[in-house]
Amino acid sequence: MKVLIIGAEGMLGHDLEAVLKREHEVSTTTIHTMDITDLDKTVRTVGEINPQVVVLAAAYTDVDGSEERADLAYQVNVLGTRNVAVACQNTSSALVYISTDYVFDGAKGSSYQEYDPVNPLGTYGKTKYLGEVQVRDLLDRFYILRTSWLYGLHGPNFVATMLGLAEKMDQIKVVADQIGSPTYTVDLAEAINHLIKTPAYGVYHVTNSDHCSWYEYAQLIHQMKGVEVELQPVTTEEFGSPAPRPKYSVLDNYHWRLQGFPPLRSYKEALKDYLDLLK
Ligand SMILES: NC(=O)c1ccc[n+]([C@@H]2O[C@H](COP(=O)([O-])OP(=O)(O)OC[C@H]3O[C@@H](n4cnc5c(N)ncnc54)[C@H](OP(=O)(O)O)[C@@H]3O)[C@@H](O)[C@H]2O)c1
C-alpha cells in the first residue's frame, strides 16, 4: 500500500517508518516539510502524495508544557488533526490517529475498555481526545489507537531519563501511585502495520501487556541494566508535576482481543529488547 507517515522525526514516527517500509511504499513528512497547523499546505501535500493510508504520528506531546501553552496544544492536536482529516477526506485515505491513556481520569481503579467514558484531567489529554472527535466527525475510515507510556530509541522517554539520572544522582524520586502499561514504539508500530491491512476500523486500546507503577518500572529498568541507585517512592502530590495525570490508566486491549488480533507481549520482554539495543 501507499502509506504516508506524518511526524516521521518523532519517537514513534521513526520506528513506524522502519516497520512499514518492509511492506509498503512509504512517504514521510516532518514539521519542517509539512506543519499540520497549516491547512492549505497539509491538504496540498497529502493530495500530491495521494496515499491509501495516512498515519498521524505528529502531535504536541509535552504533557506539562500543554498546561502553559494550551493554545499551541489545541492548535496542533485538535486543529492540526482536523486539517489532516480534511486532507484524508480529499484523497479518500484511511487515517490512523494515535491517542492516549490520558483521555481517562484514572478514577475507575481498574483497566479501561474502549467503551468506557472519557474524562481527561489535563490539557494534553483534552486536546488528544478532541483530536479523536475531529477524526470521528470527518472520516468514515479511521483507526484510533489509544496507547500509553511510550518509549523507543528515537526520543526522550522515561527509560532514558531514569538511566541518565542514575549516572548523575545517588537517589532518584519516582512516582509510585500512578499505574500504567509501558509500551515499546517498535511493538506499537508492528500493531499498526497489522491493523492497516484490515478494514477493521474503529477505536483500539493498544499497549504492551501487564502493568506497573513508575516506581516499579524504574526498579526493573535499573535492575535489568545492573545499575546501582537508590529509588525513593513518592506520591503524585509530592512529586508535583504541573499537569494532573490519571492514577490508574491501564488500557484493556479489549477491542483488539475481540477482533482476534495477537496480543502484544509483556512490557518486561519488550523492555529487555530495548535495553539490549542500547548496549
Ligand atoms: N510519548 C508517549 O508516552 C505517548 C503516550 C500515548 C500516546 N502518545 C501519542 O503517540 C504519538 C507519537 O508520540 P511520540 O512520543 O512519538 O511523539 P514525539 O516524539 O514528540 O513526536 C511528535 C512529532 O510531531 C512533530 N510535530 C509537533 N508539532 C507538529 C506540527 N505542528 N506539524 C507537524 N509535526 C509536528 C514533532 O516535531 P518537533 O519535535 O520538532 O516539535 C515530533 O517530531 C502522539 O500522537 C502522542 O500524542 C504518546
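Quantities reported herein were computed from a predicted structural model and do not represent experimental measurements.

1. A few points about the overall build of the chain
Looking only at helices and strands, the chain has 11 helices and 12 strands in total. Here the C-alpha radius of gyration of the chain, 18 Å, is about what a compact globule of 279 residues would show, namely 19 Å. Once the C-alpha set of the chain is aligned to its principal axes, its extents read approximately 55 × 40 × 35 Å. Across the 279 residues of the chain, 47% fall into the buried class. Restricting to contacts in the chain with at least 6 residues of sequence separation, those with at least 24 account for 81%.

2. Some words on the site of the ligand
Around the ligand sit 25 residues in total, of which Gly10, Met11, Leu12, Ala58 and Ala59 are the nearest. Elements with a contribution of two residues or more to the shell around the ligand: helix H1 (11–21), helix H4 (70–91) and strand E4 (94–100). In terms of residue count, H1 provides more of the shell around the ligand than any other element does, 3 residues in total. Of the residues in the shell around the ligand, the class split is 12 nonpolar, 10 polar and 3 charged.

3. Focus on unusual backbone geometry
Trans is the prevailing form of peptide bonds, just as negative phi is the prevailing case for residues other than glycine. In this model, asparagine 50 sits at a positive phi of 50 degrees, which is unusual for a non-glycine residue. Here asparagine 50 is to be found in the loop between helix H2 (39–49) and strand E3 (53–56). Residue classification places asparagine 50 among the partly exposed residues on the basis of 13 C-beta atoms within 10 Å. Of note in the backbone geometry, tryptophan 149 takes a positive phi value of approximately 45 degrees without being a glycine. Among the secondary structure elements, tryptophan 149 is positioned in the loop between strand E5 (142–147) and strand E6 (150–151).

4. A closer look at the nonpolar core
Counting 77 residues, the largest nonpolar core has Ile6, Val54, Val55, Leu56, Leu95 and Val96 as its most contacted members. Once residues lying within four places of it in the same chain are set aside, the contact partners of leucine 56 are Ile6, Gly7, Thr81, Val84, Leu95, Val96, Tyr97 and Ile98.

5. Section: the pairing of E5
Counted residue by residue, E5 has 6 buried out of 6 residues, so it is predominantly covered. A two-sided burial pattern is seen for E5, the buried positions comprising Phe142, Ile144 and Arg146 on one face and Tyr143, Leu145 and Thr147 on the other. As paired elements, E4 and E5 share 6 bridges and run parallel to each other. Among the inter-strand pairings, tyrosine 97 is bridged to a residue of E5, identified as isoleucine 144. Regarding topology, helix H5 (residues 123–138) serves as the crossover connection from E4 to the parallel E5, and that connection is right-handed.

6. Comments concerning the packing of helix H6 (residues 158–168) against helix H8 (residues 214–225)
Axis separation between H6 and H8 bottoms out at 10 Å; the angle between their running directions is 65 degrees. In this structure, H6 meets H8 at a crossing whose hand is right-handed. Taking contact as the criterion, the partners of Phe158, Val159, Met162, Leu163 and Ala166 in H6 are, on H8, Trp214, Tyr217, Ala218, Ile221, His222 and Lys225. Of the residues that constitute the contact of H6 with H8, the class distribution is 9 nonpolar, 1 polar and 1 charged.

7. A closer look at the sheet that holds strand E1 (residues 2–6)
Spatial strand order, E2-E1-E3-E4-E5-E10: 6 strands in an open sheet with parallel pairing. The outermost strands of the open sheet, each flanked by one partner alone, are strand E2 (25–29) and strand E10 (202–205). In this sheet, neighbouring strand axes are inclined to one another by 20 degrees on average, regardless of whether the strands run parallel or antiparallel. As paired strands, E1 and E3 are joined by 4 bridges and run parallel to one another. Of the residues in E3, the one forming a bridge with isoleucine 5 is valine 55. Packing against the sheet, H5 makes contact with E4 and E5, and its axis sits at approximately 160 degrees to E4.

8. Some remarks on H4
Helical periodicity: at 3.6 residues per turn, an α-helix aligns residues three or four positions apart in one direction. Taking 1.5 Å of rise per residue, 22 residues should cover 32 Å, and H4 covers 31 Å from first to last C-alpha, within 8% of that figure. Its axis deflected by about 30 degrees at glycine 80, H4 carries its strongest bend there. Three or more residues of H4 are buried, namely Ala73, Val76, Asn77, Val78, Gly80, Thr81, Arg82, Asn83, Val84, Ala85, Ala87 and Cys88. Here the buried face of H4 lies against E1, H2, E3, helix H3 (65–68), E4 and H5. Phi turns positive one or two residues past the end of H4, at serine 92, with a value near 55 degrees.

9. Comments concerning the packing of H1 against helix H7 (residues 185–196)
Helix-helix packing is described using two parameters, namely the angle between the two axes and the distance between the axes. Axis separation between H1 and H7 bottoms out at 8 Å; the angle between their running directions is 50 degrees. By the angle between their axes, H1 is oblique relative to H7. Relative to H7, H1 is oriented so that their crossing is right-handed. Counted together, Met11, Leu12, Asp15, Leu16, Val19 and Leu20 of H1 and Thr185, Val186, Leu188, Ala189, Glu190, Ile192 and Asn193 of H7 form the full contact between these two elements. Classifying every residue of the contact of H1 with H7 gives 9 nonpolar, 2 polar and 2 charged.

Thresholds applied
- Residues numbered from 1 in each chain as written.
- Predicted model: local features only at pLDDT ≥ 70, side-chain atom pairs only at ≥ 80, totals over all residues.
- Helix = DSSP H or I, 4+ residues; strand = E, 2+ residues; numbered from the N terminus.
- Rg over C-alpha atoms; globule rule 2.2 N^0.38 Å.
- Buried ≥ 20, exposed ≤ 12 C-beta atoms within 10 Å, placed from the backbone.
- Contact = placed C-beta atoms within 7 Å.
- Near = placed C-beta within 6 Å.
- Nonpolar A, V, L, I, M, F, W, Y, C, P; charged D, E, K, R; others polar.
- Core = buried A, V, L, I, M, F, W, Y, C linked by C-beta atoms within 7 Å.
- Pairing = 2+ DSSP bridges.
- Right-handed = clockwise from strand over helix to strand, strands pointing away.
- Axes fitted to C-alpha atoms, helices over the stretch in contact; angles between N-to-C directions.
- Left-handed = near helix turned anticlockwise from the far one by under 90°.
- Expected span 1.5 Å × (residues − 1).
- Bend = angle between axes of the 7 residues up to and from the residue.
- Parallel < 35°, antiparallel > 145°, perpendicular 65-115°, else oblique.

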